[in-house]
Amino acid sequence: MWRFRRFVSAAVQSQYAGQSGLFRRQCTCCWRSRVPVAGFETLDSTLTSVSAPCKDDKGPLDAFYTSEQRDAILHRLNTATLAELAVVKLLRGRKSVNIVEYRTKNGPFKTLESVVNVPLLKHKSAVTVFNSILNPVKKERKVRIQLAKFIRPEIDRSWLEDASSIVSLVCGTNKIAWTHVDRGMTVLDWQQTECPNFLRGTYMASAYLNDVSVVVELLPSADFYIIEKSSISVQNTALFPVMAHMRTVEAMLFALLEPRNSSPESNIPPRVLNMMRTAVGRHFGLMVGESRTSGAQTVRQLMTESVTQKLPRINFPPELLVKYRNSFQMGSRQGGEELCDALLQAVAFYELLSETSS
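Residues numbered from 1 in each chain as written. Predicted model: local features only at pLDDT ≥ 70, side-chain atom pairs only at ≥ 80, totals over all residues. Heavy atoms only, no water.

- You'll find the protein entered in an unreviewed UniProt entry as Transcription elongation factor, mitochondrial, with Larimichthys crocea given as the organism.
- Regarding the protein, the relevant UniProt record gives this comment under Sequence similarities (unreviewed entry): "Belongs to the TEFM family."
- For the record of the protein, the UniProt heading Function (unreviewed entry) holds the text "Transcription elongation factor which increases mitochondrial RNA polymerase processivity. Regulates transcription of the mitochondrial genome, including genes important for the oxidative phosphorylation machinery." (UniProt positions renumbered as here; feature names shortened; annotations may be inferred.)

1. What to know about the side chain of Arg292
- Tracing the chain through its elements places Arg292 in strand S8 (residues 291-292).
- There is a polar contact of 3.1 Å between the side chain of Arg292 and the backbone oxygen of Arg277.
- Excluding residues within four positions of it along the chain, Arg292 makes contact with Glu228, Arg277, Val280, Gly281, Leu286, Met287, Asp341 and Leu344. (Helix = DSSP H or I, 4+ residues; strand = E, 2+ residues; numbered from the N terminus. Polar contact = N/O pair within 3.5 Å; in protein donor to acceptor, adjacent residues only side chain to side chain. Contact = heavy atoms within 4.5 Å.)

2. Quick word on the environment of Leu112
- Along the chain, the position of Leu112 falls in the loop between helix H5 (94-106) and helix H6 (123-134).
- By relative accessible area, which is 0% here, Leu112 ends up buried.
- Taking the C-alpha atoms as reference points, Leu112 and Leu74, 38 residues apart in sequence, are found 7.1 Å from one another.
- Discounting residues that sit within four places of it in the chain, Leu112 has contacts with Leu61, Asp62, Tyr65, Arg70, Ile73, Leu74 and Phe130. (Buried < 20%, exposed > 50% of the residue type's maximum accessible area, 1.4 Å probe, protein only.)

3. Thoughts on the confidence of the model for the protein
- Averaged over the protein, the pLDDT score is 79; the fraction of residues at 70 or greater is 74%.
- pLDDT under 50 marks residues 1-52. Its contacts with residues more than four places away, or in other chains, come to 17 contacts.
- Throughout residues 140-145 the model reports pLDDT below 50, and contacts reaching past four residues in sequence, or to other chains, amount to 4 contacts. (pLDDT = per-residue confidence, 0-100.)

4. Digging into the pattern of salt bridges
- Per the counting criterion, the structure on display carries 10 salt bridges.
- Two residues, Glu194 and Lys175, come together in a salt bridge whose shortest N-O distance is 3.7 Å. With Glu194 in strand S4 (residues 187-194) and Lys175 in strand S3 (residues 175-182), the pair connects residues that are 19 residues apart, well separated along the chain.
- Overall, the relative accessible area of 7% leaves Lys175 in the buried class.
- Note that Arg292 and Glu228 form a salt bridge whose closest N and O atoms lie 4.0 Å from each other. Of this pair, Arg292 sits in strand S8 while Glu228 sits in strand S5 (residues 224-229); the two residues are 64 residues apart in sequence, bridging distant segments of the chain.
- Classification of Glu228 by relative accessible area gives buried; the value is 12%.
- Each of Glu228, Arg277, Arg292 and Asp341 takes part in a single network of salt bridges with overlapping partners. (Salt bridge = Lys/Arg side-chain N within 4 Å of Asp/Glu carboxyl O.)

5. A few points about the packing of aromatic side chains
- Using the criterion set out here, one finds 6 aromatic pairs in the structure.
- Residues Tyr102 and Phe109 carry aromatic rings whose centres are separated by 5.4 Å and whose planes lie at 5° to one another, so their mutual orientation is stacked. Each member of the pair, Tyr102 as well as Phe109, carries the same accessibility label: buried. (Phe/Tyr/Trp six-rings, centres within 6.5 Å; stacked < 30°, edge-to-face > 60°.)

6. Some remarks on helix H9 (residues 205-218)
- When the terminal C-alpha atoms of H9 are compared, their 20 Å separation across 14 residues agrees well with the 20 Å that a helix rising 1.5 Å per residue should span.
- All buried positions along H9 are accounted for by Ala207, Tyr208, Asp211, Val212, Val215 and Val216.
- In the core, the buried residues of H9 are packed alongside S3, S4 and helix H10 (240-257). (Expected span 1.5 Å × (residues − 1).)

7. Quick word on the nonpolar core
- Counting residues in each nonpolar core, the largest one holds 43 residues, and the members touching the most others are Trp190, Met275, Ile314, Phe316, Phe328 and Phe349.
- For this core, the leading source of residues is helix H14 (residues 337-355), giving 12 residues.
- Aside from chain neighbours lying at most four places away, what touches Phe316 is Val187, Trp190, Leu302, Met303, Ser306, Leu321 and Leu343.
- The next biggest cluster of nonpolar side chains, apart from the first, holds 23 residues, and it includes Leu61, Phe109, Val115 and Ala126. (Core = buried A, V, L, I, M, F, W, Y, C linked by side-chain atoms within 4.5 Å.)

Take a look at the structure:
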């Protein structure tokens, strides 16, 4: 039997002799070192070249596409809105904004090669964008899963997309903050209120209700109220008092803000929704393991972009910029974490909703 194995091994090596690099890259830690890795790389590159219109990532971009393909790509890049560009692979966030800013300043794109003049869009990424425009990937099933991941209870997407404005609420240990944002990504209201009875004494229900009722009376009218769902682990017994506090305030907000005629049997959607704190953290890259870091730096960046860029992610009225310009500095003792979180939750809500729409 061992002679047969030696014969097969010699035959395989003889068959692939002359194919440079076939046995060069090997795993030295186990029997899998005998697998010709380059063979899989060759297969992968072959599959990629079959599915993608452009087979090379070097040379003039216009030469790799037919005239019909070039026209389709340029039409999309020259006419698509920010939301429409965001669904194209690699064009989420800043790249789509750069495309709109570039064509506004320099006019429509006339060649594919001119697209590489857009900041953050180089040759290789441009090829990926072009191929994605020609071969869009359908994400209908993924859309439903993503929406359910960050919004509770489940609600029909059309209700959310038709909303003219939302109020984002975040509860702290001694205050409640909120941000009112419209669908045009403009901040209409942004403030917080101290709640003196929170985490005091024996958690008197009447005292809690008084503090929460004061906040509800101050809230502006909106289509939906998005309440942050904290991610405190039930295994951390030291945080039981904080978790009980959060759940109490959350329940009271649901009860006071939800209209009485809203029910599963009626055709009226729930007006009060939960948004997962971890989903917002991941959206802005604030997660370190299972913990979320401060969003103050991100908020400062959003405020700066509102003044310095033509198409910022969110627009602030001048009076709010003046009011909060020093609230989120490093070492500030003004206690603005809840304000930061309320704003970031509103931005993440609209952006995640846009990303998951097909």
